[in-house]
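What follows is each chain in one-letter form.
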Amino acid sequence: MKTDISRDSYKKEKNFGSVKLQQGRPLLDADWNEQADLQLFRERSRITDSIGDTGAPLEGGGFGIAVGTSGGNPDLAISAGRMYLDGLLGELESETFFTAQPDLPGQSLPDTDGQYLVYLDMWERGVSALEDSGIRDVALGGVETASRTQILSQVKLLSSGAVSDPVPAAPPAAFTALTATARGSLTARALATGAPATSCDGGGYTGENNYLYRVEIHDAGAAGSATYKWSRVNATKAVEWVDQDDLALTVQASDANLLADFVAGRWVELIDEGLELEGRKGTVARIEKAENNRLTLEAASIVHYDPAVTTLEITDFNRGVRRMRLWDGSTGIAPVPGAPAFLELENGVEVRFEADADYRTGDYWLIPARVNTRSLIWPCETGTGPLSSQPAGVSHAYTPLAYVEKSGSNWTLLADVRRRFSGLGGVTLAYISGAGQEARPGEFLPDELSVRVSRGPEPLKGARILFTVASGDGLLEDPITLAPASSVLVGADENGVVECRWQLGQAVSPQLVTAVLQNVSYEASVE
């Protein structure tokens, strides 16, 4: 996160329980932030230990998908409520549509017919008063105090098949690749002259100030094609971009002293809220002339976020607050070498990118440099030397929500695949039996599909379960009429048990039956 901190001192592997202030000692931002991180880790660990990696509560759960219309056009409605993912809490205050998401504005549905996986992408970003002016207390005359972190919940689509394809038993390979892609690592060092590469003593930092260096990936790709940029102050120096006259840009800042850093020769990145929420890079350029709050960019230096665009227009940055952020270095962005080699940033600070790895736009590393020791605060092992580290962020978590289908102008909900859970003492729909059976095509499975409904330890007699053939051409037997149907509604017995017979289809293809709790006051599903 681009926030003005001295360092990030939290280390999960140290198993610290809390931070204790001592009398008469300085209070550092790192101490305060480490206490917050310790509490956050415990909270998120409790969540995942209780409900697993993902889940929406039966009561108050959100992110259910339905087909609807928005502005007279077909759209996907996203229900209000909460959902947990890798310990993160995502929440929608009110129902919204896919094309009008608060955390992912400006999206549109695909034009191509086919089946699509609807999934949730949840991640955390830093927010300063530049992004949200409500953080700043006007009583302080424009001074910014603490920053915030914000959890973003973004619903996205991914192609999962053709029209009329059965609902997959597992997410498509493209979804699995979102989390399976190996992320490149980085090594940092500041060796004293003549020191061996295995030294952990440092001594090579020659800067005159304590800095928190930030190295961030600009263009995604493998080593050899990816690019990076860096800042000595965690890229915290940024102003709002409010107007344009050709290449002369007008900016404003709550702290007038901040403008003093925006001088000729410095590199800046232009970005807006929409680009940041989409995890995209901005446009990079060098300042040619600085006159108060009017900054003129060097035409030949401009590298637009869209390679197909060769001009700089403020209308290309019209989604939310426009920002101009300072970066250091003599070239703005630089290539990640295909072969691993140490690259000097400045003042003896060197970094090496791992080869044979992929890098994502926004991947970043934080490197504290200290004057007293002339060294970096960086993991190091005696006899081995500085160690490589995975990016400090940005970390994304993903979970499937539903499968939908587009055919012409019609959208259809095929299946809700959210995992649901009940609170302590809440309603639970649990699988009992039915899996692992064998039968010939067109025949009934030997045993019934069986689930159990309960509230806490007590069975919930009379609860209604809707069994539905979600994939394949099989049929279910109505327990009252014994008639075949693609879906049947069955009530729970005195033990809370609900059973249904399943006749397999003739086609040799994936076959799936879902069981959904239908009572108005609660809802759950199993497959």
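In what follows, the structure referred to is the one given above.
The shown structure was predicted, so the numbers you read here are calculated from the model rather than taken from an experiment. (Residues numbered from 1 in each chain as written. Predicted model: local features only at pLDDT ≥ 70, side-chain atom pairs only at ≥ 80, totals over all residues. Heavy atoms only, no water.)

## Quick word on the overall build of the protein
Helix and strand content of the protein: 3 helices and 41 strands. Here the C-alpha coordinates of the protein stretch approximately 85 × 55 × 55 Å along the principal axes. The contacts in the protein between residues at least 6 apart in sequence include a share of 67% that link residues at least 24 apart. (Helix = DSSP H or I, 4+ residues; strand = E, 2+ residues; numbered from the N terminus. Contact = heavy atoms within 4.5 Å.)

## What about the sheet that holds strand E30 (residues 410–416)?
Pairing within the open sheet is antiparallel, and its 4 strands lie in the order E10-E9-E29-E30. Both outer strands of the open sheet, strand E10 (148–161) and E30, are each paired with one neighbouring strand and no more. Recorded for the sheet is a direction-independent mean angle of 30° between the axes of neighbouring strands. Note: strand E29 (residues 396–407) against E30, 6 bridges, orientation antiparallel. Looking at E30, one finds that Ala 402 is bridged to Asp 416. Running at roughly 165° to E29, helix H2 (residues 173–180) makes contact with strand E9 (114–127), E10 and E29 of the sheet. (Pairing = 2+ DSSP bridges. Axes fitted to C-alpha atoms, helices over the stretch in contact; angles between N-to-C directions.)

## So, the sheet that holds strand E19 (residues 294–297)
Here we have 6 strands rolled up into a closed barrel, ordered E15-E16-E19-E18-E17-E20, and antiparallel in their pairing. Direction aside, the axes of adjacent strands within the sheet are offset by 45° on average. Bridging between strand E16 (residues 248–252) and E19 involves 3 bridges; their strand directions are antiparallel. Residue pairing for E19: Ala 248 is matched across the bridge by Thr 296.

## Some remarks on the nonpolar core
In this structure, Leu 186, Val 215, Tyr 228, Phe 353, Tyr 359 and Ile 367 are the most contacted members of the largest nonpolar core, which totals 25 residues. Listed by contribution, the elements that provide at least two residues to this core are strand E11 (186–189), strand E12 (211–217), strand E14 (227–231), strand E23 (349–353) and strand E25 (364–370). Not counting chain neighbours up to four residues away, the residues in contact with Tyr 228 comprise Val 215, Glu 216, Ile 217, His 218, Gly 332, Ile 333, Ala 334, Pro 335, Val 336, Leu 343, Leu 345 and Phe 353. (Core = buried A, V, L, I, M, F, W, Y, C linked by side-chain atoms within 4.5 Å. Buried < 20%, exposed > 50% of the residue type's maximum accessible area, 1.4 Å probe, protein only.)

## Details of the state of the cysteines
Taken as a whole, this structure holds 1 disulfide when the rule is applied. Paired through a disulfide, Cys 200 and Cys 380 show a sulfur-sulfur distance of 2.1 Å. Across the S-S bond of Cys 200 and Cys 380 the torsion is about -85°, and the bridge reads as left-handed. Of the two residues, Cys 200 is situated in the loop between E11 and E12 and Cys 380 in strand E27 (residues 380–381); the sequence distance between them amounts to 180 residues. (Disulfide = S-S within 2.5 Å.)

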